[in-house]
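Structural description and commentary
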Amino acid sequence: MNGASARDGAAAVRVSTRRAVGMALLAFVFLFGLLGPMLVAADPARQNLSRILAPIGSDFLLGSDHLGRSMLARLAHATRLSAGLALLTVISAAVPGTALGLVAAWRGGWTERVLVALADGVLALPGLLLVLLLAALAPGDLWPLYLGLSLVLWVEYFRVVRATATTLLASPQVEAARLLGFGPLHVVRRHVLPEIAPLIGTLMAFGAGAAVMAIGALSFVGIGLRPPVAEWGIMLTELLPYHAEAPGLLLLPAGMIFVTILGLQLVGGRDPR
Amino acid sequence: MSAALAIDDLHIAAGTLALVRGVSLAVDYGAALTILGDTGSGKTLVAEAAMGTLPAELSARGRVGIAGRDFAAGPGAAQRALWGRAIALLPQEPWLALDPTMRAAKQVAEVHRIVRGAAVAAAGDASARDLSALGLAAAGRKYPFQLSGGMAQRVALAAVHAGGAKILIADEPTKGLDADLRDDVVALLRGEVSRGAAVVTITHDIAVARGLGGTVAVMREGRIVEVGDAGAVLTAPTHDYTRRLLAADPAGWPEPPVRAAGPLVLAGRGLAKRLGGRTLFERLEIELRAGEAVAVTGPSGCGKTTLGNVLLGLLPADAGRIDRPGGHAPVRFQKIYQDPPAAFAPRATLRTSLDDVCRRHGIAWTTVADLMERLRLAPTLLDRRPDQVSGGELQRVALARVLALGPVFLFADEATSRLDPITQQEVLGVVRAAIARDGISVLVVTHDRRLAAKVGSTVISLDENGVAPATQRTAAC
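Residues numbered from 1 in each chain as written. Chains lettered and ligands numbered in written order. Predicted model: local features only at pLDDT ≥ 70, side-chain atom pairs only at ≥ 80, totals over all residues. Heavy atoms only, no water.

Residue and element names in this part refer to chain A. Within helix α4 (residues 127–137), burial applies to L130, V131, L134 and A135. Each buried residue of α4 lies within a common arc of 135 degrees when the element is viewed along its axis, so the set occupies one face. Seen from the buried face of α4, the exposed residues on the opposite side, beyond 90 degrees, are L129, L133 and A136. The inward-facing, buried residues of α4 abut α5 (143–169) and α7 (184–220). (Buried < 20%, exposed > 50% of the residue type's maximum accessible area, 1.4 Å probe, protein only. Helix = DSSP H or I, 4+ residues; strand = E, 2+ residues; numbered from the N terminus. Arc of directions from axis to C-beta. Contact = heavy atoms within 4.5 Å.)

And the structure:
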């Protein structure tokens with residue numbers, strides 16, 4: 001009893017350190033993406049061919065790339081674009097995924113069957129193929145990436161929420177609430193959402209990581225966004241040929257991806273026992 | 001030390017909180033010792049200290065003597081070498097302790113082979129012999145999930161036997177078993193005693209203590225408040241707590257008042273229900289009148305909870321119809337659950353849960369406050385979550401929650417089976433008061449026949465064959 005609560009307390013402290021580090025990393029990424037483009041006056045697309053591959057710490061704070069563009073400005077704009085797109089993607093996957101999962105669990109019957117078939121259909125498609133297909137429709141645009149990734153990612157929210165909610169809706173607490181005269185909205189708000197919120201949080205953290213990676217990887221292979229847009233994946237592609245002359249430059253976008261994913265994993269993950 | 005098992009001045013603490021304070025007990029071979037106490041009295045900790053299985057975060061001091069060897073009480077398992085050979089534990093709910101993927105005979109043979117070092121063939125023979133000695137010859141080929149609770153209990157006992165231990169600790173051996181099987185288990189344990197084993201039984205069930213005889217130690221809040229011969233302690237207790245415990249035994253309760261029942265509130269006509277290919281009941285007639293309690297009893301799986309759920313409209317009946325004369329709102333037909341925490345939103349405070357009900361139905365908070373007072377619930381409980389109050393308190397909060405709605409019918413589904421006897425009496429006292437004062441009609445479902453007889457003015461027995469109902473002592477209309 002007391003021993004157990006002392007143990008829980010210790011675990012809570014450990015989790016919070018871990019979470020705190022993750023939150024700090026994410027706060028850095030978020031603030032850099034939000035404020036960076038405003039604070040850095042330089043134009044991320046402005047070339048200065050007489051000052052290419054300037055070292056870090058010169059008149060360019062983070063150096064300049066192979067076209068003499070400010071790395072700081074490019075990195076700030078890329079962070080806004082990549083992280084913002086990832087955030088938007090997981091939100092627009094989580095909201096319909098959760099809502100449809102709840103509807104399927106509540107209604108059952110043919111509603112559930114149709115939704116499950118739909119989710120299975122999406123799962124049967126290779127996710128990137130869908131994104132590639134959409135990207136082919138509108139080369140260089142943002143929306144195919146966003147739409148494609150959301151269409152792929154909502155399924156896991158749907159499946160997790162439906163499975164958890166089905167169990168919860170059959171539980172005595174929900175039966176009691178129904179007998180006490182409460183409707184679906186109250187049951188979802190009071191009995192279901194508090195239980196599934198941590199699960200959704202974890203899925204969103206990992207989903208955002210997957211989205212960052214997917215956006216970066218697609219841009220890296222030249223699908224989706226195109227130069228001169230500043231984006232982590234594009235920056236990696238552009239700087240890769242200069243890895244011998246300016247290895248530090250390549251590390252900047254790679255480091256941003258690393259920090260973002262690490263932060264998300266620390267926040268969303270669970271401590272090993 | 002001459003005693004088979006001796007515990008000397010045992011103290012167990014979690015941090016600064018003392019859980020067991022100065023317990024000394026001894027039991028000889030061929031004798032029974034029963035530790036009787038409520039949840040949280042520390043009785044299981046005493047057994048764990050004897051076995052050497054205390055959780056690591058607890059600190060303990062004192063001595064434990066097992067079969068002439070002396071150990072310091074404490075976490076860690078210095079006693080491990082004696083497990084199975086000299087001292088053995090008969091687990092609670094053995095159907096959970098048996099390996100679900102192994103046939104019964106193999107589980108017993110395994111002990112012969114590994115603990116006793118018998119050859120494979122000899123172990124198999126010994127296992128078959130053990131099982132047939134317990135009347136389980138046919139069960140050897142079965143898996144645990146194919147065994148009834150009583151049979152699983154016997155298989156576990158056979159496995160414990162096979163190790164050859166002469167000191168047996170049985171932790172709540174009747175938990176989850178029906179009354180009929182309880183007597184069976186008591187007989188099994190008595191058999192062990194007569195074969196020369198030292199049997200220590202941990203229980204909250206007075207009937208078990210009475211059936212086992214020997215020595216009874218009554219524990220409360222980590223102390224032994226009374227110890228002595230079972231006959232003496234259980235008939236002429238000297239300690240106040242023991243007296244209250246005995247008074248809480250349903251056997252000693254007053255008979256339910258036979259009252260002129262009020263108008264019909266709910267009736268089931270020709271009800272039938274099949275579940276999982278089995279007929280639970282058919283052509284069942286039941287009438288529930290205002291101010292009257294009807295008790296439904298029977299072994300687990302007989303369909304008594306299903307009957308209540310059918311009457312509440314939570315499950316459809318296969319045949320027959322439900323009448324609700326009087327035109328009461330559906331919300332006035334309510335239910336109280338077996339496991340109180342399962343019936344509340346776990347992350348909401350009790351105040352939030354009760355406030356939700358008040359707002360949904362436009363009930364003034366004073367109604368709830370009055371009910372809390374009537375049910376002797378401290379207002380400070382309101383700011384706790386369901387897992388932060390005791391089972392008895394939470395069950396009374398659940399009652400307050402449904403009574404606030406002015407119910408005409410209440411289905412109490414094993415509502416006290418997880419509570420200790422004193423709390424059970426308290427909760428049922430509240431239900432009885434609600435029947436008498438508010439004229440509520442109550443359906444009590446319980447596996448405890450004695451309890452059913454004491455609360456129901458009508459008792460319906462469902463048996464395993466689904467043939468119902470034997471109605472006794474119907475209230476005079």
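In this section: the sheet that holds strand β4 (residues 59–66) of chain B. All names here are of chain B. The antiparallel open sheet is built from four strands, whose spatial order is β2-β1-β4-β5. Every other strand in the sheet has two partners, leaving β2 (17–27) and β5 (69–72) as the edge strands with one partner each. Taking each pair of neighbouring strands and ignoring which way they run, the sheet shows an average axis angle of 5 degrees. Sheet strands touched by helix α1 (residues 43–51): β1 (5–14), β2 and β4. Its angle to β1, the strand with the most contacts, is close to 115 degrees. (Pairing = 2+ DSSP bridges. Axes fitted to C-alpha atoms, helices over the stretch in contact; angles between N-to-C directions.)

This next bit is on the interface of chain A and chain B. Across the boundary between the two partners, chain A contributes 18 residues, which contact 27 residues of chain B. Here chain A meets chain B over a buried area of about 1,900 Å², counting both sides, of which 60% is carbon and sulfur. Viewed at the interface, chain B and chain A are joined by three salt bridges. A salt bridge links R190 of chain A to D356 of chain B; the nearest nitrogen and oxygen atoms lie 2.6 Å apart. Counting across the interface, chain A meets chain B through ten residue pairs in polar contact (both at pLDDT 80 or more). At the level of secondary structure, the elements contributing two or more residues to the side of chain A that touches chain B comprise α1 (2–39), α6 (172–179) and α7 of chain A. Here the side of chain A that touches chain B is built from residues that sort into eight nonpolar, six polar and four charged. (Buried area = accessible area lost by both parts, 1.4 Å probe. Salt bridge = Lys/Arg side-chain N within 4 Å of Asp/Glu carboxyl O. Polar contact = N/O pair within 3.5 Å; in protein donor to acceptor, adjacent residues only side chain to side chain. Nonpolar A, V, L, I, M, F, W, Y, C, P; charged D, E, K, R; others polar.)

Honestly, that's just the spatial picture; any functional story needs more than this.
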